[in-house]
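Tertiary structure, described
If you want the building blocks of each chain, they are given just below.
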Amino acid sequence: MSLSRLREQFRQALADPDLAAPYERATATARAKRAAAAAELPDYEEQRQKAADARREAIDHLDALVERFREAFTRDGGTVHHAADAEEARSLVKRILSERGARTVVKAKSMLSEEIALNEDLIASGWEVHETDLGEFIVQIAGQRPSHITAPALHLDRVDIGRIFHEKLGVDYTEDPVELATIARRLLRERFLQADAGISGANFLVARTGQIVLLENEANIRMCTTLPPLHIAVVGVEKVIAEVDDLGPLLSVIARSATGQKLGAYTSILGAAGPPERHVVLVDNGRRQLAQHPRKREILTCIRCGACLNACPVYERIGGHAYESAYSGPIGALLGPHHLGTDHGRELPFASSLCGACSEVCPVKIDIPELLRLERERYVETGGADVGERLAWWLWSKVMTRPRLYRLLARVGRGILQGPGIIAEGSSVLRDWTDGRKLPIPSSTSFIDQWKHQGGATTRTNPIWDRTRAQRALEATRKAKRSWAASRGRAGRGKDRKP
Amino acid sequence: MNPVERFVAEMQPLLQGGDGAHGAIHRCATAEEAGRDILALAEELSMKRLVVAARRELDAVAAILTEEGSKQGLRIDRDRMPATKGTGLDDTFRDAADYAAFDAGVGGADVLVAESATIGLVAGAHEARALSLLPPVHIVVAPVSRMVERIHDALARLIPSPPGEHDPGIENAGEGSPTITFITGPSRTADIEKILVLPAHGPSHLYVWLVDRL
Ligand code: SF4
């Protein structure tokens, strides 16, 4: 198998001259806001570490905490259901709705419901489903897919949205954001009040208290979870956290990372008081298996803030749809191979420059580049690389571990690159590379010769092999494994917190 | 800056929409003062119907609004205490759709968070679920004594461990795990070109009175 399909997606995205503009504008603003919000909080780094610890601890004790949540939620009169995969999750939701005779559903934005394609299934089975988050509403009536995990309609500008409203809702064309929002509010207000059921996701589930935590700015989630007589939260099992105390740090970093706000307009912590019927459908869909992996379990600590998308130079250029996955950007590239179950998903870890901008901003300190590298490793180990690629790397390793051979080939290479028309602008045979970047003409003497010439000391080891990226990456993996192990055995948060 | 000043300073930018102010924050000494200010606001915005939350501490405010309000053609409804404590609201809550017909909901706060200008409500009643959600204007009258520094402090106050032992100051908490709503500014969205629009689905305006003695 090759990367051709993914490459084709990306090629198309890059060829579209209008595609990057809305992304660049939005992500640049989001980056600046996030940085300012993080800088404003004096103990941001401490809160970030606590948030990361809380999420790691939760994944370490996943099964126990899920059970604890179930007990608490049930004690408060709710019902918890378990779904092993997307199909089971969808049929559970349909069963709950059918049993209560619910026909119309208002939906709060939930990436998990995108992951399991819940809307499509409900609509195909005859339910009336209305997305209520403004961005998600726009995307739904346009018949498109979200392009960002926190800003679904990021790819559309106001002219697009004005046209979509005009065509699909039959209203007069307007491109004024206030008017557009008003149209959506009026329409959806009625639906909130008439709906038989509300379906939401969740940002966190608090194991001890059985509370569901939901964050938002619009108030549509408050409406979906309190107005209809039936509320169903469809939630990935990994969203559980041990304690209410964990919310302090998590709430301190999540909105700051997502939008640069200190807190979003509404933070709902749903307890016993609520609609008469409350259900939580806990979805596994590959998560428990991922939780078994000593290193990749870290992926599950993600709190879906979207900061890594905003930071990513690749996401910004190719947009959210090129990932062909519910989750885009760096975190999408990590989740792809685990939740999509398609060949395409396996290729997603290659949609990165491994520059590390994502892990720098991640509020729960996920080492995204390292995890992407692990996914690439798995891709290769499971036969992902074609013969040509394997041969190339085999040759590379032979050359790189033989200093004499390396020097000989380097000399030949330098000679070729210095040749007429190889690098020179315009006529370059390496045009694909030199069109976008400057490639300097190599010097005629190697660094090692120059070094010797100037009387520098030499060793017999090849300096290039000495500290290659591969070796550093290996060390980083070991270090991370140690710190993961250390964080599990952390004192202080000690025994009383164990479920 | 003390926590109350911080709260006021943090609240200001939250009330700014692209099209002007979406509320205001005031400090005053007594419930009576707050009541009179609300009457003036109602007159200015030509409000016809207000609903006041079922909190005993709002009795004084409700009394002034009812007495004086009738002179300016203002009708005041007092929210009912929930029929059943704790668990879900009964069927009458379906009438909560009516809340959208009020010009404003007047409620309180169980905690105030200085660092983010956040108002915390513990809900067993209609207050968090309808009064602060459906009318276009949300008015909060709360004692400054409920001010805490950070969201961490607010959580510790509202969700005690072990559960069930609520701060005696919190009315309507009900049984079981509390349902809590933290409100930080009016409803907003930036889903169209990242341009800030107030409101999205919830209240468009938020007016807060921090009262020295309530
Ligand atoms: S990986 Fe980190 S930065 Fe990206 S969405 Fe998840 S929590 Fe946010």
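Residues numbered from 1 in each chain as written. Chains lettered and ligands numbered in written order. Predicted model: local features only at pLDDT ≥ 70, side-chain atom pairs only at ≥ 80, totals over all residues. Heavy atoms only, no water.

Comments concerning the overall build of chain B
- For chain B, the count of helices and strands is five helices and twelve strands.
- A fraction of 78% describes how many contacts in chain B between residues 6 or more apart in sequence connect residues 24 or more apart.
- Of the roughly 7900 Å² of accessible surface on chain B, a fraction of 50% belongs to carbon and sulfur atoms. (Helix = DSSP H or I, 4+ residues; strand = E, 2+ residues; numbered from the N terminus. Contact = heavy atoms within 4.5 Å. Areas by Shrake-Rupley, 256 points an atom, 1.4 Å probe, with all protein chains shown as cover.)

With respect to the interface of chain A and chain B
- Listed by partner, the interface residues are 67 residues for chain A and 54 residues for chain B.
- Buried area between chain A and chain B, summed over both chains or domains, comes out near 4800 Å², and the portion from carbon and sulfur atoms is 55%.
- Remark: the boundary between chain A and chain B carries four salt bridges.
- Between chain A and chain B we count 27 residue pairs in polar contact (both at pLDDT 80 or more) in total. (Buried area = accessible area lost by both parts, 1.4 Å probe. Salt bridge = Lys/Arg side-chain N within 4 Å of Asp/Glu carboxyl O. Polar contact = N/O pair within 3.5 Å; in protein donor to acceptor, adjacent residues only side chain to side chain.)

Describing the site of the ligand
- Neighbouring the ligand are 14 residues, the closest being Cys302, Cys305, Gly306, Cys308 and Cys362 of chain A.
- Residues belonging to the shell around the ligand are distributed by class as follows: twelve nonpolar, one polar and one charged. (Near = heavy atom within 4 Å. Nonpolar A, V, L, I, M, F, W, Y, C, P; charged D, E, K, R; others polar.)

Thoughts on the domain arrangement of chain A
- The domains assigned to chain A are domain 1 (3–289) and domain 2 (400–456).
- For domain 1 of chain A and domain 2 of chain A, the distance between their C-alpha centres works out to 52 Å. (Domains from an automatic or database assignment.)

Some points on the pattern of salt bridges
All names here are of chain A.
- Going through the model one piece at a time under the given rule, you end up with 44 salt bridges over all chains.
- A salt bridge links Glu316 to Arg31; its shortest N-O distance comes to 3.1 Å. Of the two residues, Glu316 sits in helix H15 (residues 313–318) while Arg31 sits in helix H2 (residues 20–40), which places them 285 residues apart along the sequence.
- Arg288 is paired through a salt bridge with Asp284; the nearest N and O atoms lie 3.1 Å apart.

Focus on helix H5 (residues 86–99) of chain A
Residues and elements named next belong to chain A.
- Taking 1.5 Å of rise per residue, the 14 residues of H5 would be expected to cover 20 Å, and the 20 Å separating its terminal C-alpha atoms lies within 8% of that figure.
- Taken together, the buried positions of H5 are Ala86, Ala89, Arg90, Leu92, Val93, Ile96 and Leu97. Here the buried residues of H5 occupy an arc of 160 degrees about the axis, which is enough to place them on one side. Residues Glu87 and Glu99 are exposed on H5 and point more than 90 degrees away from its buried face.
- Summarising the contacts, the buried residues of H5 are in contact with strand S1 (79–83), strand S2 (104–107), helix H7 (118–124), strand S4 (197–200), strand S7 (230–236) and strand S10 (277–283).
- Just downstream of H5, Gly101 is the residue with a positive phi angle, here 65 degrees. (Expected span 1.5 Å × (residues − 1). Buried < 20%, exposed > 50% of the residue type's maximum accessible area, 1.4 Å probe, protein only. Arc of directions from axis to C-beta.)

Details of the packing of aromatic side chains
- Inspection of every chain in the model, using the stated rule, returns nine aromatic pairs over all chains.
- Between Phe447 of chain A and Trp451 of chain A, the aromatic rings sit 5.9 Å apart at their centres with planes inclined by 25 degrees, giving stacked as the arrangement. Separated by four residues within a single helix, Phe447 of chain A and Trp451 of chain A lie in helix H23 (residues 447–453), roughly one turn from each other.
- The exposure class assigned to Trp451 of chain A is partly exposed, which follows from its relative accessible area of 40%.
- Ring centres of Tyr99 of chain B and Phe102 of chain B lie 5.7 Å apart, and the angle between their planes is 65 degrees; on these two criteria the pair is classed as edge-to-face.
- Of the residues examined, Phe102 of chain B reaches a relative accessible area of 7% and is grouped as buried.
- Through a chain of ring-to-ring contacts, three or more aromatic side chains come together here, namely Phe10, Tyr23, Tyr315 and Tyr323 of chain A.
- Here the basic side chain of Arg103 of chain A rests over the ring of Trp127 of chain A, its NZ or CZ set 4.8 Å away from the ring centre. (Phe/Tyr/Trp six-rings, centres within 6.5 Å; stacked < 30°, edge-to-face > 60°. Lys NZ or Arg CZ within 6 Å of the ring centre and 35° of its normal.)

Observations regarding the packing of helix H8 (residues 134–142) of chain A against helix H9 (residues 158–169) of chain A
All names here are of chain A.
- With their axes 10 Å apart at the nearest point, H8 and H9 run at an angle of 55 degrees to one another. By the angle class used here, H8 and H9 are oblique. Here H8 and H9 pass one another in a crossing that is left-handed. The segment H8 lies against H9, with Phe137, Ile138, Ile141 and Ala142 engaging Ile161, Ile164, Phe165, Lys168 and Leu169.
- In terms of residue class, the contact of H8 with H9 is built from eight nonpolar, no polar and one charged. (Axes fitted to C-alpha atoms, helices over the stretch in contact; angles between N-to-C directions. Parallel < 35°, antiparallel > 145°, perpendicular 65-115°, else oblique. Left-handed = near helix turned anticlockwise from the far one by under 90°.)

Focus on the sheet that holds strand S3 (residues 23–28) of chain B
All names here are of chain B.
- The parallel open sheet is built from six strands, whose spatial order is S3-S12-S9-S6-S4-S5. Looking along the sheet, the strands with just one partner apiece sit at the ends: S3 and strand S5 (75–78). Neighbour-to-neighbour, the strand axes of the sheet open up by a mean angle of 15 degrees, direction not taken into account.
- In this structure, S3 lies alongside strand S12 (residues 205–211), joined through six bridges in parallel fashion. Residue pairing for S12: Cys28 is matched across the bridge by Val211. (Pairing = 2+ DSSP bridges.)

Re the sheet that holds S1 of chain A
Residue and element names in this part refer to chain A.
- Taken in spatial order, the six strands of this open sheet run S1-S10-S7-S4-S2-S3, and their pairing is parallel. The two strands at the open ends of the sheet, each matched to only one other strand, are S1 and strand S3 (128–131). Adjacent strand axes in the sheet meet at a mean angle of 20 degrees when their direction is disregarded.
- Direction of pairing for S4 relative to S7: parallel, over a ladder of three bridges. Among the inter-strand pairings, Gly198 is bridged to a residue of S7, identified as His231.
- Relative to S1, H5 is tilted by about 145 degrees, and along the sheet it contacts S1, S2, S4, S7 and S10.

A short note on the confidence of the model for chain B
Residues and elements named next belong to chain B.
- Across chain B, pLDDT averages 87, with 84% of residues at or above 70.
- Summarising per-element confidence for chain B, the mean pLDDT is lowest in helix H4 (residues 126–131) (79) and highest in S12 (98).
- Between residues 83–94, whose pLDDT stays under 50, and residues either more than four places distant or in other chains, the model counts 28 contacts.
- Interface predicted TM-score (ipTM) for the complex: 0.92; the corresponding pTM is 0.87. (pLDDT = per-residue confidence, 0-100.)

Describing the environment of Ile138 of chain A
- In this fold, Ile138 of chain A is placed in helix H8.
- The exposure class of Ile138 of chain A is buried, given its relative accessible area of 0%.
- Leave out the neighbours within four places in its chain, and Ile138 of chain A touches Ala153, Leu156, Ile161, Ile164 and Phe165 of chain A together with Ile192 of chain B.

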